[in-house]
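Observations on the three-dimensional arrangement
Letter by letter, the chains look like this.
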Amino acid sequence: MAGWGLRCGVKTFTRYFVKNVRPYFTGLTRMYPVSEMGERGTVMNTCPFSNPPHTPVMVEQVVQFLTPRAGHVMLDMTFGAGGHTKALLEATPGLQLVCLDRDPAALTYATELQDHYPERILPLLGCFSDLPKLLTRLKVHGSSFDGVLMDVGASSIQFDTPLRGFMLSKDGPLDMRMDGDRDPESVRASDVIGHCDEAELYKVLKFYGEEKHARKLARALIEARYLFRQPRTTKELADLVAEIIGSDTRMDKLQRFAHPATKTFQALRILVNNELNELDYAMRLAHYYLKPGGVLAAITFHSLEDTIVKRHIAGVDIDQTPASIGLGVAKHRTGLSLHSREEMQKLTAARWSPLARHVILPSEDEISCNPRARSAKLRTACKLEPV
């Protein structure tokens with residue numbers, strides 16, 4: 001055990017665990033009644049809000065670019081609380097939408113909205129990778145939709161429910177699954193902290209959270225696991241991260257204090273929900289299911305998401321080496337040695353035509369009314385005719 005060598009200091013860990021271990025054991029039963037706990041001690045799927053708590057971002061811009069018309073059929077791949085869907089329905093009588101979301105709580109809102117707009121909404125429950133199976137059952141094939149909307153990332157429904165484990169400001173179990181208990185055996189954030197080794201934790205924090213203290217935090221989490229007790233609630237994890245990198249003051253885009261654990265929570269959430277791989281596949285699905293001339297509107301909230309959307313629209317294959325690397329070698333190769341000229345033209349043909357020259361950002365007025373919109377970016381594109 002001595003070989004672990006507490007790089008972060010015994011005093012730091014002692015302060016943290018003395019402050020948090022005792023309240024955890026004495027307060028857990030009061031915080032999470034047995035009736036609200038599912039198998040393995042996690043919250044059951046509930047919908048605790050009488051009114052949707054989510055404020056949609058850049059609604060006017062989304063409606064403007066999607067240009068809904070009577071008789072159009074569109075696909076909302078991230079229904080959430082239905083803010084964008086409702087705006088589209090109100091803007092265009094006769095519009096129909098297929099609404100997908102992986103969160104069972106969102107399905108409740110979709111069903112309620114379906115009662116207000118009968119025969120105009122079809123709710124579907126599943127993640128992006130489930131969409132082909134769900135649409136195949138409905139006999140929906142490629143080039144079927146006039147518009148596709150994506151508002152990716154976690155919703156306010158998830159952030160504002162402490163028992164879902166997304167919040168920094170309120171205590172809850174380290175869950176972070178957007179699917180809730182749809183799959184009781186799915187990986188939780190606590191599983192990641194409890195089973196990944198130091199190298200794996202470092203990569204998660206570095207690449208998914210873009211955390212500059214990733215190596216220090218990875219070591220701290222491993223030492224906590226073996227020398228003390230690993231964090232089991234959101235507050236315990238947030239306090240541990242704050243103790244390790246607390247001297248690093250961080251501000252958000254509104255110059256407000258940002259909690260030091262924000263990027264750590266982002267990294268765990270992305271891994272638990274496989275968000276980036278799902279988004280990459282969603283962009284491919286959006287192109288497949290859109291009609292030629294159909295419009296994609298994609299809203300992202302951090303650079304990793306935006307990069308995937310941007311590179312798909314620009315026609316850059318994210319599985320290949322970036323164009324800035326190895327140009328000295330690439331210029332001496334030719335694909336014509338492996339493919340015919342017609343095949344090369346088809347492979348390199350543009351698939352999207354951007355509808356805006358630059359990324360679209362929320363206005364200052366919208367950010368002041370809805371601070372969560374501060375990081376939002378909207379990219380729109382039109383599907384081109386195949387070559």
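Cut-offs used in this document
Residues numbered from 1 in each chain as written. Predicted model: local features only at pLDDT ≥ 70, side-chain atom pairs only at ≥ 80, totals over all residues. Heavy atoms only, no water. Axes fitted to C-alpha atoms, helices over the stretch in contact; angles between N-to-C directions. Helix = DSSP H or I, 4+ residues; strand = E, 2+ residues; numbered from the N terminus. Parallel < 35°, antiparallel > 145°, perpendicular 65-115°, else oblique. Contact = heavy atoms within 4.5 Å. Nonpolar A, V, L, I, M, F, W, Y, C, P; charged D, E, K, R; others polar. Expected span 1.5 Å × (residues − 1). Buried < 20%, exposed > 50% of the residue type's maximum accessible area, 1.4 Å probe, protein only. Phe/Tyr/Trp six-rings, centres within 6.5 Å; stacked < 30°, edge-to-face > 60°. Pairing = 2+ DSSP bridges.

**Observations regarding the packing of helix α11 (residues 262-273) against helix α12 (residues 275-289)**
- Where α11 contacts α12, the two axes come as close as 6 Å, and the packing angle between them is 60 degrees. Between α11 and α12, the angle is such that the two are oblique. Mapping the contact onto sequence places R269, I270 and N273 in α11 and E275, L276 and E278 in α12.
- When grouped by side-chain class, the residues that make up the contact of α11 with α12 number two nonpolar, one polar and three charged.

**Observations regarding the side chain of Q158**
- Considering the arrangement of structural elements, one finds Q158 in helix α6 (residues 156-159).
- Beyond its immediate sequence surroundings of up to four residues, Q158 is in contact with D103, R164, F166 and M178.

**Brief notes about α11**
- Compared with an ideal rise of 1.5 Å per residue, which puts 12 residues at 16 Å, α11 spans 17 Å between its outermost C-alpha atoms and is within 8% of the ideal.
- Along α11, the residues classified as buried are T264, F265, Q266, A267, L268, R269, I270, V272 and N273.
- Positive backbone phi, at 50 degrees, marks N274, one or two positions downstream of α11.

**What to know about the packing of aromatic side chains**
- For the structure shown, the criterion picks out two aromatic pairs.
- Plain terms: the ring middles of F145 and Y289 are 6.4 Å apart, the flat faces sit at 70 degrees to each other, and that makes the pair edge-to-face. On the criterion of sequence distance, the pair formed by F145 in strand β4 (residues 145-151) and Y289 in helix α12 is long-range, its members being 144 residues apart.
- Accessibility expressed as a relative area gives 3% for Y289, which makes it buried.

**Thoughts on the pairing of strand β9 (residues 377-383)**
- Buried residues dominate β9, accounting for six of its seven residues.
- As defined by bridge partners, strand β7 (residues 290-300) adjoins β9 across six bridges and the pair is classed as antiparallel. Across the sheet, residue T300 finds its bridge partner in β9, namely K377.
- As defined by bridge partners, strand β8 (residues 352-354) adjoins β9 across three bridges and the pair is classed as antiparallel. Residue pairing for β9: P354 is matched across the bridge by A381.

**A closer look at the sheet that holds strand β1 (residues 73-76)**
- On the basis of which strands lie adjacent, the open sheet formed by seven strands has the order β3-β2-β1-β4-β7-β9-β8 and mixed pairing. Of all the strands in the sheet, just β3 (121-125) and β8 have a single pairing partner and so form its edges. Across the sheet, the mean angle from the axis of one strand to that of its neighbour is 20 degrees, orientation sign disregarded.
- Seen against the sheet, α12 touches β4, β7, β8 and β9 and runs at an angle of roughly 155 degrees to β7.

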